[in-house]
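Analysis of the macromolecular model
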Amino acid sequence: MKNRITELLGIRYPIVQGGMQWVGRAELAAAVSNAGGLGTLGALTQPTPEDLGREIERCRAMTDKPFGVNVTMLPTVNPPPYERIFDVIVEHGIRIVETAGNVPVEVFQRLRDAGIVILHKCTSVRHALAAEKRGVHIVSIDGFECAGHPGEEDVPGLVLIPAAVSVLRVPVIASGGIADGRGMAAALSLGAEGVNMGTRFVATREAPVHDKVKQALLDARENETRLIMRTLRNSSRVLLNPVSEEVLELEHRPGGAAFEVLRPLVNGQRGRAALESGDVTDGVIWAGMVAGLIDDIPSCGELIERMVLQCRERLAAAAALAAA
């Protein structure tokens, strides 16, 4: 598969692994890149920028293929040392960076000056247009179905993808709601030039999370995610479990709940502990609606190869139907 995405990123297939916090580590990123996609390290997964540098080198020892680093810039109680993080990215020769959140124009310019390809994640067309104007090379458009932060406009991918493609000049990657070759074929038919997957890559053998977490995704149905923190305009899609239910119960009380009340439940370290221990009832587990489409736990190589095969089959079947 050759298009603007594969050429810009130097990859075989236009399939990108989202840079998920706590999950985007060298084992997963290298496996995805070795399989022909783009693996992504999560910068904020590492305790310090120096640890990020070591993780970059660890990933390089596992693959000679391109991989990227995700840097998400969202409001937080204790802001990470972003300037030093970008120093490390440049110093270690990273050629692809996935950004998300409110990224200052100066950051985009710095990355461009360093010859880095910028893939920016957006949840609305207006944000995508602003990112294009700021000089990003690729827009990853996140539909309402996605795990993590779907924004506040609730537009699903079937509408959001073609809406973005219609007005952007840069290539678009479809994100959210994609777990197999059928979703990939749909995204390409809507005008996207690639796909981004997070939840599906968590349910692979190389993902560095407990097997019980992978089993929970395997067991989940498409209606077993929840949007929490909507009352704070920080909507987050997570797996249905006792913690997400408790958050929603607090939010739905008269007057809602301040973040300080929710903080012990949604604390990132608590979620990380759940991913590592396998206790999926005791922390927020990020998950998209595609959990309902996951029915096995393959290797990244197996997943990507069959995705591409299924995508080609579905596109060929659609073309045959149109020609009939």
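Refer to the structure presented above.
Remember, it's a predicted structure, so these values are computed and weren't measured experimentally.

Analysis parameters
Every chain is numbered on its own, with residues counted from 1 as its sequence reads. Totals for whole chains, interfaces and linings use all residues, but because this is a predicted model, local features are given only for residues with pLDDT of at least 70 and pairs of side-chain atoms are given and counted only at 80 or more. Working from all heavy atoms in the structure, the side-chain values ignore hydrogens and water. The criterion for an aromatic pair is that two Phe, Tyr or Trp rings (for Trp, the six-membered ring) have centres within 6.5 Å, with stacked assigned to planes under 30 degrees apart, edge-to-face to planes over 60 apart and tilted to the rest. The criterion for a charge sitting over a ring is simple: Lys NZ or Arg CZ within 6 Å of the ring centre, and within 35 degrees of the ring normal. Secondary structure elements follow DSSP: runs of H or I of four or more residues count as helices, runs of E of two or more count as strands, with numbering from the N terminus. Relative accessibility decides the category of a residue: with a 1.4 Å probe and only protein chains considered, values under 20% of the type maximum give buried, values over 50% give exposed, and everything between is partly exposed. The charge count includes Lys and Arg as positive and Asp and Glu as negative, but it does not include His or the ends of the chains. Just to be clear on terms, a salt bridge is a Lys or Arg side-chain nitrogen sitting within 4 Å of an Asp or Glu carboxyl oxygen. Residues adjacent in sequence count toward polar contacts only when both atoms are side-chain atoms; beyond that, a polar contact is any pair of N or O atoms within 3.5 Å, and within protein one must be able to donate a hydrogen and the other to accept it. Throughout, a residue-residue contact means that at least one pair of heavy atoms, one from each residue, lies within 4.5 Å. Helix axes use the C-alpha atoms of the stretch in contact, all axes being lines fitted to C-alpha atoms, and the angles between their N-to-C directions lie in the range 0 to 180 degrees. If you view the pair so one helix is near and one far, a crossing is left-handed when the near helix is turned anticlockwise from the far one by less than a right angle, and right-handed when it is turned clockwise.

Within the structure shown, the criterion is met by zero aromatic pairs. Positioned over the ring face of Phe 144 is Arg 237, at 4.8 Å from the centre of the ring.

To continue, consider the side chain of Glu 251. Following the sequence through the fold, Glu 251 ends up in helix 11 (residues 242-251). As a buried residue without a salt bridge, Glu 251 has its nearest oppositely charged side chain in Arg 230, at a separation of 7.8 Å. At 2.7 Å, the side chain of Glu 251 forms a polar contact with the backbone nitrogen of Met 229. Filtering out sequence-adjacent residues up to four positions away, Glu 251 remains in contact with Ile 228, Met 229, Arg 230, Thr 231, Leu 232, Gly 256, Ala 257 and Leu 262.

On to the pattern of salt bridges. The tally for this structure, following the rule as stated, stands at 24 salt bridges. Where Glu 193 meets Arg 4, a salt bridge forms, and the shortest distance between an N and an O atom there is 2.5 Å. In this pair, Glu 193 is assigned in the loop between helix 8 (181-189) and strand 8 (194-197) and Arg 4 in helix 1 (residues 4-9), connecting sequence segments 189 residues apart. For Arg 4, a relative accessible area of 40% translates into the label partly exposed. When salt bridges with common partners are traced through the structure, they connect Glu 50, Arg 84, Asp 87, Glu 91 and Arg 110 into a single cluster.

Turning our attention to the packing of helix 6 (residues 125-133) against helix 7 (residues 157-167). Relative to each other, helix 6 and helix 7 sit at 35°, their axes nearing to 10 Å. Judged by the twist between their axes, the crossing of helix 6 over helix 7 is right-handed. Across the interface between the two elements, Val 125, Leu 129 and Glu 132 of helix 6 pack against Leu 160, Ala 163, Ala 164 and Val 167 of helix 7.

Of note, Trp 22 is a non-glycine position whose phi angle comes to about 75°, a positive value. Mapped onto the secondary structure, Trp 22 falls in the loop between strand 1 (15-17) and helix 2 (26-34). Of note, Met 229 is a non-glycine position whose phi angle comes to about 60°, a positive value. Structurally, the position occupied by Met 229 is in the loop between strand 9 (225-228) and strand 10 (236-239). Judged by its relative accessible area of 7%, Met 229 is buried.

Another point: the environment of Arg 54. Examined against the element boundaries, Arg 54 turns out to sit in helix 3 (residues 49-62). Residue Arg 54 is classed as exposed on the basis of its relative accessible area of 52%. Between the C-alpha atom of Arg 54 and that of Val 88, which follows or precedes it by 34 residues, the distance is 9.8 Å.

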